[in-house]
Amino acid sequence: MKQHLRRLGRPGTASAVLLLVVTVAAIAAPLLAPHDPNQGSLLDAYGGPSGAHLLGTDGIGRDILSRLVFGARTSLLGPALVVGVSLLVGVPLALAASWYGGWVDAVVARVFDLVYALPGLLLAVLTVALFGPGLTPAVAALSVAYVPFLARIVRAAARQQRVSPYVDALAVQGFGMLRITGRHILRNIAPVVVGQAAIAFGYALLDLASLSYLGLAVQAPTPDWGVMVSDSDALLKGYWLPVAAPGVLIVLTVLALTVLGARISGDKPPGYLKRRRRSAAVPDRTAVGAAA
């Protein structure tokens, strides 16, 4: 456990703790939320922080904290579906392309390039225009757009493993493609896959929040961070907390996912170069004594 925390470093550990808190809050929302997220009173509209409402209320008197806690559910569910579908489709294609090479790899690579050239938000907007607004069309469109984002990285990492001596040794022993790629290559590139999936999760969260802000994904009055940010009436009336609170949560969550994903992928911990330079500058006393 200590070894994993040391590898993550302080920023990675802090990011993991923040994501754990947000995830637990989303799962246990009915137990943690102090009020019904959709129940409000016009008498309490735009109320400031108080003992009854720790973060105040919105324009129709709904508790902001409760809506943030329940909003974590839809805000995390959509990106989780996007990343999950992208991995289920992209990873097998990437492993097959890296294993067979040749025309298979060329065809898969061209398909990835073609889909990657399509902007994810534009594809989501077109899908919503065809099938109507909602979380399902937005998730389906972004899932297609995110397949090459993850699969291209998995393909590159798997191709490096494909030419390793251990792969040839396993093939000589009679092991097939599925066993070698599934139990060995995929396990060796797992940090890259998990790290890039975490980064893609953050991007998908930001994209879905943007679509909800535009009224194309999650629909009001469903609690959602993107929907809460779209409360322009609060800003016009001088109440910034109903908009700032979900906005800050989105930024912090995306930042935590990006930092954690980079750490898992194998980035050096902070201060690595400084420590290395310091150790190079200070001579080893043992070596100096032996030389003397």
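I will try to describe carefully the structure that is included in this document. Bear in mind the structure is a predicted one, so any value in this text is a computation, not a measurement. (Residues numbered from 1 in each chain as written. Predicted model: local features only at pLDDT ≥ 70, side-chain atom pairs only at ≥ 80, totals over all residues. Heavy atoms only, no water.)

Glancing now at the overall build of the chain. Secondary structure assignment for the chain yields 14 helices and zero strands. In the chain, the succession of helices and strands from N to C terminus is α-α-α-α-α-α-α-α-α-α-α-α-α-α. A buried classification covers 42% of the 292 residues belonging to the chain. Pairs at least 24 apart in sequence give 69% of the contacts found in the chain among residues at least 6 apart. Here the chain displays about 16,100 Å² of accessible surface, and carbon together with sulfur accounts for 67% of that area. (Helix = DSSP H or I, 4+ residues; strand = E, 2+ residues; numbered from the N terminus. Buried < 20%, exposed > 50% of the residue type's maximum accessible area, 1.4 Å probe, protein only. Contact = heavy atoms within 4.5 Å. Areas by Shrake-Rupley, 256 points an atom, 1.4 Å probe, with all protein chains shown as cover.)

Two elements in contact, helix α3 (residues 64-100) and helix α4 (residues 102-116), have axes separated by 7 Å at closest approach and are oriented at 145 degrees. Here α3 runs over α4; the crossing is left-handed. Across from Gly 90, Leu 93, Ala 94, Ala 96, Ala 97, Ser 98 and Tyr 100 in α3, the residues of α4 making contact are Gly 102, Val 104, Asp 105, Val 108 and Phe 112. Along the lines of polarity and charge, the residues of the contact of α3 with α4 split into eight nonpolar, three polar and one charged. (Axes fitted to C-alpha atoms, helices over the stretch in contact; angles between N-to-C directions. Left-handed = near helix turned anticlockwise from the far one by under 90°. Nonpolar A, V, L, I, M, F, W, Y, C, P; charged D, E, K, R; others polar.)

Following the criterion strictly, the structure yields three aromatic pairs and no others. Ring centres of Tyr 46 and Tyr 239 lie 4.4 Å apart, and the angle between their planes is 5 degrees; this geometry places the pair in the stacked category. Pair noted here: Tyr 46 is in the loop between α2 (29-32) and α3 and Tyr 239 is in the loop between α11 (232-236) and α12 (241-265), with a separation of 193 residues, a long-range link. Residue Tyr 46 is classed as buried on the basis of its relative accessible area, which comes to 13%. Pairing Phe 149 with Tyr 203 gives two aromatic rings, centres 5.7 Å apart and planes at 70 degrees, and the pair type is edge-to-face. Here Phe 149, found in helix α6 (residues 135-162), pairs with Tyr 203, found in helix α9 (residues 190-213); they are 54 residues apart in sequence, far enough to count as distant. Overall, Phe 149 belongs to the buried group, its relative accessible area being 19%. Given a relative accessible area of 38%, Tyr 203 falls into the partly exposed group. What links up through ring pairs into an aromatic cluster is the set Tyr 146, Phe 149 and Tyr 203. Positioned over the ring face of Tyr 116 is Arg 152, at 4.3 Å from the centre of the ring. Positioned over the ring face of Trp 99 is Arg 162, at 4.0 Å from the centre of the ring. (Phe/Tyr/Trp six-rings, centres within 6.5 Å; stacked < 30°, edge-to-face > 60°. Lys NZ or Arg CZ within 6 Å of the ring centre and 35° of its normal.)

Further remarks concern the layout of surface pockets. One simple way to see leftover space: roll a probe sized like a water molecule over the atoms. Roughly 230 Å³ of volume is contained in the largest pocket. Taken together, 14 residues make up the lining of the largest pocket; nearest its centre are Asp 58, Arg 62, Arg 67, Val 227 and Asp 231. Looking at the lining of the largest pocket, its residues break down into eight nonpolar, two polar and four charged. Volume-wise, the second largest pocket comes out at about 180 Å³. Lining the second largest pocket we find Leu 18, Val 21, Val 22, Ala 25, Leu 65, Leu 68, Val 69, Ala 72, Trp 225 and Leu 249. Counting residues per element, the ones that place at least two in the lining of the second largest pocket are α1 (2-27) and α3. When grouped by side-chain class, the residues that make up the lining of the second largest pocket number ten nonpolar, no polar and no charged. (1 Å grid on protein atoms, 1.4 Å probe; cavity = no way out; pocket = protein on both sides within 12 Å on 5 of 7 lines; lining within 4 Å. Points joined across faces, edges and corners; volume = space filled by probe spheres on them.)

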